Amino acid sequence: MATILFDGVAYGMLMFMLACGLAVTLGLMNFVNLAHGAFAMAGGYVTVTLMDRWGVPFLACLPAAFAAAAVLGLVMERTLYRHMYGRGHLEHVLFSIGLVFIAVAMTDYLMGSSQRNITLPSWLQGRREVLGVNIGLYRSFLIVVCGALALCLQLGLTYTRFGSRLRAAVDDARVARGLGIPVGTVFAATFAVGSGLAGLGGALGVELLGLDPYFPMKFLIYFLIVVAVGGTSGIMGPFLAALLLGVADVAGKYYLSASLGGFVIYVVLIVVLVLRPHGLFARAR
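Residues numbered from 1 in each chain as written. Predicted model: local features only at pLDDT ≥ 70, side-chain atom pairs only at ≥ 80, totals over all residues. Heavy atoms only, no water.

Enquirer: Explain helix α8 (residues 183-209) to me, please; I cannot follow it from the model alone.
Expert: It helps to recall that an α-helix has 3.6 residues per turn; residues three or four apart then point in one direction. Along its 27 residues, α8 runs 36 Å from first to last C-alpha, staying within 8% of the 39 Å computed at 1.5 Å per residue. Helix geometry: α8 is bent most strongly at alanine 203, by close to 30 degrees. Among the 27 residues in α8, 21 count as buried, and that is most of the element. Glycine 210 lies just past α8 and shows a positive phi near 80 degrees. (Helix = DSSP H or I, 4+ residues; strand = E, 2+ residues; numbered from the N terminus. Expected span 1.5 Å × (residues − 1). Bend = angle between axes of the 7 residues up to and from the residue. Buried < 20%, exposed > 50% of the residue type's maximum accessible area, 1.4 Å probe, protein only.)

Enquirer: How should I be thinking about the packing of helix α2 (residues 36-53) against helix α4 (residues 89-111) in this particular structure?
Expert: Helix packing geometry: the angle between the two helix axes and the distance between the axes. The geometry of α2 relative to α4 is characterised by a closest axis approach of 11 Å and an angle of 15 degrees between their N-to-C directions. The pairing of α2 with α4 is recorded here as roughly parallel in orientation. In this structure, α2 crosses over α4, and the sense of that crossing is left-handed. Within the contact between the two elements, α2 uses Ala38, Met41, Tyr45 and Thr49 and α4 uses Ala103, Thr107 and Met111. (Axes fitted to C-alpha atoms, helices over the stretch in contact; angles between N-to-C directions. Parallel < 35°, antiparallel > 145°, perpendicular 65-115°, else oblique. Left-handed = near helix turned anticlockwise from the far one by under 90°. Contact = heavy atoms within 4.5 Å.)

Enquirer: Would you take a moment to explain the pattern of salt bridges for this structure?
Expert: In total, this model carries six salt bridges according to the counting rule given. For the salt bridge of lysine 218 with aspartate 212, the shortest nitrogen-to-oxygen distance reads 2.6 Å. On the accessibility criterion, lysine 218 (38% relative accessible area) is partly exposed. Judged by relative accessible area, aspartate 212 falls into the buried class, the value being 8%. Residue aspartate 249 pairs with lysine 253 through a salt bridge whose shortest N-O separation is 3.3 Å. Taken together, the positions of aspartate 249 and lysine 253, both in helix α11 (residues 236-255) and four residues apart, correspond to about one turn of that helix. A relative accessible area of 36% means that lysine 253 is categorised as partly exposed. Through salt bridges with shared partners, a single ionic network connects Asp7, Arg127 and Arg139. (Salt bridge = Lys/Arg side-chain N within 4 Å of Asp/Glu carboxyl O.)

Enquirer: When you look at the packing of aromatic side chains in this model, what are you seeing that I'm missing?
Expert: To describe a pair of aromatic rings, one takes the distance between the centres and the angle between the planes. Counted under the stated rule, the structure contains 15 aromatic pairs. When the centroid spacing of 6.0 Å and the interplanar angle of 85 degrees are considered together, the rings of phenylalanine 39 and phenylalanine 191 count as edge-to-face. Of this pair, phenylalanine 39 sits in helix α2 while phenylalanine 191 sits in helix α8, placing them 152 residues apart in sequence. An identical accessibility class is assigned to phenylalanine 39 and phenylalanine 191; each is buried. (Phe/Tyr/Trp six-rings, centres within 6.5 Å; stacked < 30°, edge-to-face > 60°.)

Enquirer: Mind showing me how you'd approach the confidence of the model for the protein here?
Expert: Low-pLDDT portions of the prediction should not be read for the details of their coordinates. Residues with a pLDDT of 70 or more make up 96% of the protein, whose mean pLDDT is 87. Mean pLDDT per element in the protein: helix α12 (residues 258-261) is the minimum at 68, and helix α3 (residues 58-79) is the maximum at 94. (pLDDT = per-residue confidence, 0-100.)

Enquirer: Honestly, the pairing of strand β2 (residues 133-136) in this entry has me stumped. Any pointers?
Expert: If a strand is regular, its side chains alternate between the two faces of the sheet. Two elements, strand β1 (residues 127-130) and β2, share four bridges in a ladder whose sense is antiparallel. What sits directly across from arginine 127, in β2, is glycine 136. Between the end of β1 and the start of β2, which pair antiparallel, lie two residues, with leucine 131 showing a positive phi angle near 55 degrees. (Pairing = 2+ DSSP bridges.)

If you want it as structure tokens, here you go:
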């Protein structure tokens, strides 16, 4: 039971890392970006390419994956996404899902359709017995890294000047501009950071999830489930929702069959949306 709980927490941390960028753009910027998984895929392919072709160490690939996805997100935001602000959610969905199909086709053409994996450093491989609990070393690494990033993200959005400007720009962009807040710059930086976090999550998830051109489509539903269950009023809601769903998914696949256990998170989603349509951890209106 303890091992299942530990593996579920690690999987939930990874899910949050992949979905937190969407939680930022959807919850704080009110933009439905279904192409979020494409930035995660970009970070994954940056990591695979650096490790396979140039022998770059795994830890050095992580900041490279973040930077590459952040730059890509910044370019896309300045050239394409900025024209969609203020539009309806239907336009957001159609626009971003079109980008997903383009990203899948381009990746399949450039990188091939075969599954890609990486070889972790020896100190991240295997499992250890700690107090009777069988703990995976890489999953422990995921919990530490993703937990620290979640804490930094929450503190940054809550207590920094940039977080205050972002919330003001989302609440009323016109008034924020009148107060001297560079709304366009704030949105661009927020989108870049969200994309970079997705790229980092993609790099961390290659070992557990695998990587192929259809990555954005296969895991899009998981990103949406995390945000839908956690609510869009902040970061801690999706974080707790990711932990809950990670444990439920791992436990369901362990105690039930792998195919039947995969439906557990969808059951959780349906129950939450029926009982709390704005998310399990949404603030009271």
